[in-house]
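Survey of secondary and tertiary structure
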Amino acid sequence: MKINFFEYKKLYNEYKKDFQRIFDDVCSRGAFILQEDLQDFENSLSKFLNIKYAIGTNDGTNALIIGLLANDINYGDEVILPSHTYIATAAAIKLVGAKPVFADINLKDNLVSVESIKKKITKKTKAIMPVHVNGRICDMKKIKAVASAHKLKIIEDGAQSIGAKFEDKFTGYYGDCATISFYPAKILGCFGDGGAILTNNKSIYTKLYQLRDHGRDTKGDIKLWGTNARLDNLQAAFLNFKLKNLKKDINKRRRIAHIYDNELNSITNLKLIPGPKFKKQNYDVYQNYEICAENRDKLKNYLEREGIRTLIQWNGKAVHQIKSLKLKADVPNTVHFFKRCIMLPIHTFLKEKEVMYICKKIKKFYEIH
Ligand SMILES: Cc1ncc(COP(=O)(O)O)c(C=O)c1O
């Protein structure tokens, strides 16, 4: 058996005719930049996520950058984030002139620890950037309480968490704004780069709207320094079509995760993500099924030989461990996690018998090692 980690070609082929129809429709109308398909998608997205405003951006990184700018994060400010994230989160902070300050994760679900956030707050702290890694929302109630007590902004990095909920609320509910990525491997992916930023706050929305398009307001007048962070109208049209299947796709991921949970939970050398039984307030969408494994590298090689592709996220490095950037952080749980983390396949084309095969091979590995 051969099990891939990504299935990009299958994703296209499944709805090939629809995608070709959309391509033809948009191109024959010459509707490329800031057109009605983008507006339609933004409306559908805000409806789906129960948020007042959604703005399409050219990717999740630029969504973070304009999110920081709209919240007046500037040179010399400090922003607290986990080091367990993609470089984009820290880069966005750096690129607006602020300083990324790393908080540790908790080892229960590998998300940013609220206690650690509290310890990192200084006079210069202006914002918290929680990252909902793997499709699980951080403890936003507690984070919101800390932010309110210290008058800090919250910019949620929801690149991986579309559709996930914390106490029945989607990404974006608790923060001043929240971002999403539509990178092809994401739960809702487009055919290239894409992203969005969400907010319930009208004045933040107005700024985001202008920042995305060189400072222009709805009449075309330039109100502030902005950039080009627009989502292509064509990508928006594809995304609007794919959004219709999002619930189904999330359910499929949740079913696969459930099988992994049941099959693997007796292996003492593994630490799984806490499933729904552990924390009822989290509705996870499983962008990734990432576990901690003893003997991780050997396990990866063994599965590879058995035809199973796995992935070690971000080249096996937390952001502060990227040598060239010369960053500092005292985050022992994050270091512990990155020595062990490994992601098992969880795409929507995965068959139940393939998931069972993966579990069988993992069990076999730990019988020997
Ligand atoms: C946690 C996180 N933040 C930010 C990003 C950046 O998104 P994009 O690649 O769309 O710029 C990603 C993308 O993988 C991500 O996983």
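For the structure given in this document, a descriptive report is provided here. (Residues numbered from 1 in each chain as written. Predicted model: local features only at pLDDT ≥ 70, side-chain atom pairs only at ≥ 80, totals over all residues. Heavy atoms only, no water.)

Here's the deal with the environment of Glu-294
Tracing the backbone through its elements, the reader meets Glu-294 in the loop between β12 (289–293) and α11 (296–305). Distance in space between the C-alpha atoms of Glu-294 and Ser-44 is 43 Å, their sequence separation being 250 residues. (Helix = DSSP H or I, 4+ residues; strand = E, 2+ residues; numbered from the N terminus.)

Here we look at helix α2 (residues 16–29)
The α-helix advances 3.6 residues per turn, and as a result positions three or four apart in sequence lie on the same side. Between its first and last C-alpha atoms α2 spans 20 Å; for 14 residues at 1.5 Å apiece the expected length is 20 Å, and the two agree. By the burial criterion, the buried members of α2 are Phe-19, Ile-22 and Val-26. Seen end-on, α2 carries its buried residues on one side only, within an arc spanning 65°. Away from the buried face of α2 by more than 90 degrees, exposed residues Lys-17, Asp-24 and Ser-28 are located. Contact partners of the buried residues in α2: α1 (8–14), α3 (36–48) and α9 (233–243). Immediately downstream of α2, the backbone of Gly-30 shows phi near 60°, a positive value. (Expected span 1.5 Å × (residues − 1). Buried < 20%, exposed > 50% of the residue type's maximum accessible area, 1.4 Å probe, protein only. Arc of directions from axis to C-beta. Contact = heavy atoms within 4.5 Å.)

Describing the site of the ligand
Taken together, 14 residues lie around the ligand, and Gly-60, Thr-61, Asp-157, Ser-181 and Lys-186 are the ones closest in. The separation between a nitrogen atom of the ligand and a polar side-chain atom of Asp-157 is 2.7 Å. Between the ligand and Lys-186, the relevant distance is 2.7 Å, taken from an oxygen atom to a side-chain nitrogen or oxygen of the residue. Surface burial for the ligand is 93%, taken as the share of its 390 Å² of free accessible area covered by protein chains. Mapped onto the shell around the ligand, the elements with two or more residues apiece are α4 (60–70) and α5 (87–95). Taken together, the residues of the shell around the ligand sort by class into four nonpolar, seven polar and three charged. (Near = heavy atom within 4 Å. Polar contact = N/O pair within 3.5 Å; in protein donor to acceptor, adjacent residues only side chain to side chain. Areas by Shrake-Rupley, 256 points an atom, 1.4 Å probe, with all protein chains shown as cover. Nonpolar A, V, L, I, M, F, W, Y, C, P; charged D, E, K, R; others polar.)

With respect to the sheet that holds strand β13 (residues 341–344)
Read across the sheet, three strands follow the order β10-β12-β13 without closing on themselves; strand pairing throughout is antiparallel. Every interior strand has two partners, whereas the edge strands, β10 (270–271) and β13, have only one. Summarising the sheet, β12 and β13 pair through four bridges and their orientation is antiparallel. Bridged to Glu-290 within β13 is Met-343. On top of the sheet, α11 reaches β12 and β13; it is set at about 25° to β13, its chief contact. (Pairing = 2+ DSSP bridges. Axes fitted to C-alpha atoms, helices over the stretch in contact; angles between N-to-C directions.)

A few points about the pairing of strand β5 (residues 153–157)
Within β5, four of the five residues are buried, leaving the element largely enclosed by the surrounding structure. In this structure, strand β4 (residues 125–128) lies alongside β5, joined through two bridges in parallel fashion. Looking at β5, one finds that Ala-127 is bridged to Lys-153. In terms of handedness, the path from β4 via helix α7 (residues 140–150) over to β5 forms a crossover that is right-handed. In terms of strand pairing, β5 meets strand β8 (residues 177–181) through three bridges, oriented parallel. Across the sheet, the residue bridging to Asp-157 is Thr-179, located in β8. (Right-handed = clockwise from strand over helix to strand, strands pointing away.)

Comments concerning empty space enclosed by the protein
Considering all chains together, one arrives at two cavities of 30 Å³ or more under this definition. Looking at the largest cavity, its volume works out to about 80 Å³. Surrounding the largest cavity, Asp-109, Asn-110, Val-133, Asn-134, Arg-136, Ile-273, Asp-284, Tyr-286 and Asn-288 form its lining. Here the lining of the largest cavity is built from residues that sort into three nonpolar, three polar and three charged. Residue assignment places the lining of the largest cavity across two domains, with domain 1 (8–104 + 111–243) and domain 2 (246–368) each supplying three or more. (1 Å grid on protein atoms, 1.4 Å probe; cavity = no way out; pocket = protein on both sides within 12 Å on 5 of 7 lines; lining within 4 Å. Points joined across faces, edges and corners; volume = space filled by probe spheres on them. Domains from an automatic or database assignment.)

Considering the pattern of salt bridges
Pairing between side chains of opposite charge can happen when the charged atoms of each approach one another. What the rule picks out here adds up to 20 salt bridges. Here Asp-284 and Arg-136 are joined by a salt bridge, their closest N and O atoms 2.8 Å apart. Pair noted here: Asp-284 is in the loop between β11 (282–283) and β12 and Arg-136 is in the loop between β4 and α7, with a separation of 148 residues, a long-range link. Taken individually, Asp-284 and Arg-136 each receive the classification buried, so the pair is uniform in this respect. Here Glu-306 and Lys-361 are joined by a salt bridge, their closest N and O atoms 3.3 Å apart. With Glu-306 in the loop between α11 and α12 (332–340) and Lys-361 in helix α13 (residues 352–368), this pair connects stretches of sequence that are 55 residues apart. With a relative accessible area of 24%, Glu-306 lands in the partly exposed category. The exposure class assigned to Lys-361 is buried, which follows from its relative accessible area of 14%. What emerges from the salt-bridge pattern is a single network uniting Asp-25, Arg-29 and Asp-37. (Salt bridge = Lys/Arg side-chain N within 4 Å of Asp/Glu carboxyl O.)

Structural notes on the sheet that holds β11
Spatial strand order, β7-β6-β11: three strands in an open sheet with antiparallel pairing. Pairing within the sheet leaves two strands with one partner each, and these edge strands are β7 (169–170) and β11. Sheet analysis places strand β6 (residues 165–166) next to β11, joined by two bridges and oriented antiparallel. Bridged to Phe-166 within β11 is Asn-282.

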